[in-house]
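One-letter residues, chain by chain:
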Amino acid sequence: MAKIKSEKKSMSPITVCVIVTLIALVGALLGMATKNALWMFLFLLPAVIYEVIRTEEGASTKTSAVILLVVVCLEIVLILFGVNFDLARFFGEEEKYIAGYSLPLGDIKVFGPLVTAILSTVLVFRTYGPYTRWLSIVIACGSLVAIFLLSPTFFEQALKLIVNGLFDRVGYGY
């Protein structure tokens, strides 16, 4: 009896990255058009899932990728159910120092994309592969869009925080 070889064809990583980038772009456009961050998170989910799949164990990289997925899923739930929770009032302070960053506190729905933006920015520098870096950049940009949609006034602070973090990582003071 002759053995029949079944060849399973899978998409190349670059093809998947292009597809999830386009999906995230559609989410950003829908979110901006409807002024609803839910679209951004739903359409960012494929990029985050692929980031978890592609990221290998390393200096907290796999853990960061999994946390990204958890935070995005929680963010979707918070938006769907209209949960409002003021973290600044809960902690009794305007900002918290977490993982080397001083994070401004506010509504929990704004804090989620801020965490995903920071984690994905960290992954840009800690991951080795070009595709995981690509995905991290897509996630960071999508997170910034979500922050803008949730709180345009908070967006400027978040952008400054992330840019300062980037400059710190590449060795420049800002």
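Visitor: What am I meant to see in the packing of aromatic side chains here?
Guide: One pair of aromatic rings is described through two measures. These are the centre distance and the angle between the planes. Enumeration according to the criterion identifies 4 aromatic pairs in this entry. Here Phe85 and Phe90 contribute two aromatic rings whose centre-to-centre distance is 5.4 Å and whose plane-to-plane angle is 55°, an arrangement assigned as tilted. Residue Phe85 is classed as partly exposed on the basis of its relative accessible area of 38%. The class of Phe90 is exposed, set by a relative accessible area of 56%. On the basis of an interplanar angle of 75° and a centroid distance of 5.1 Å, the ring pair of Phe90 and Phe91 is categorised as edge-to-face. Put simply, the rings of Phe85, Phe90 and Phe91 pair up and form one aromatic cluster.

Visitor: I tried to follow the packing of helix H1 (residues 13–34) against helix H2 (residues 37–54) on my own but got confused; where do I start?
Guide: Think of two packed helices as two axes; the pair is described by the angle between the axes and how far apart they sit. Where H1 meets H2, the closest approach of the two axes is 6 Å, and the angle between their N-to-C directions is 160°. Considered as vectors, H1 and H2 are oriented roughly antiparallel to each other. Where H1 crosses over H2, the handedness of that crossing is left-handed. Counted together, Pro13, Val16, Cys17, Val20, Ile23, Ala24, Val26, Gly27, Ala28, Leu30, Gly31 and Thr34 of H1 and Trp39, Met40, Phe43, Leu44, Pro46, Ala47, Tyr50 and Arg54 of H2 form the full contact between these two elements. Looking at the contact of H1 with H2 residue by residue, the class counts come to 16 nonpolar, 3 polar and 1 charged.

Visitor: How should the layout of surface pockets be read in this particular structure?
Guide: Any empty space left between the atoms is revealed when a probe the size of a water molecule rolls over them. Reported here for the second largest pocket is a volume of approximately 190 Å³. Residue composition of the lining of the second largest pocket, by class: 2 nonpolar, 6 polar and 4 charged.

Visitor: Help me understand helix H5 (residues 108–126), please; the structure alone is not making it clear to me.
Guide: In this model H5 runs 27 Å from its N-terminal to its C-terminal C-alpha over 19 residues, within 8% of the 27 Å that 1.5 Å per residue would give. Counted residue by residue, H5 has 16 buried out of 19 residues, so it is predominantly covered.

Visitor: Could you clarify how one ought to interpret the environment of Gly31 in this entry?
Guide: Among the structural elements, Gly31 can be located in helix H1. Residue Gly31 is classed as buried on the basis of its relative accessible area of 0%. The sequence separation of Gly31 and Ala146 amounts to 115 residues, and the corresponding C-alpha distance is 8.0 Å.

Criteria and cut-off values
Residues numbered from 1 in each chain as written. Predicted model: local features only at pLDDT ≥ 70, side-chain atom pairs only at ≥ 80, totals over all residues. Heavy atoms only, no water. Phe/Tyr/Trp six-rings, centres within 6.5 Å; stacked < 30°, edge-to-face > 60°. Buried < 20%, exposed > 50% of the residue type's maximum accessible area, 1.4 Å probe, protein only. Axes fitted to C-alpha atoms, helices over the stretch in contact; angles between N-to-C directions. Helix = DSSP H or I, 4+ residues; strand = E, 2+ residues; numbered from the N terminus. Parallel < 35°, antiparallel > 145°, perpendicular 65-115°, else oblique. Left-handed = near helix turned anticlockwise from the far one by under 90°. Contact = heavy atoms within 4.5 Å. Nonpolar A, V, L, I, M, F, W, Y, C, P; charged D, E, K, R; others polar. 1 Å grid on protein atoms, 1.4 Å probe; cavity = no way out; pocket = protein on both sides within 12 Å on 5 of 7 lines; lining within 4 Å. Points joined across faces, edges and corners; volume = space filled by probe spheres on them. Expected span 1.5 Å × (residues − 1).

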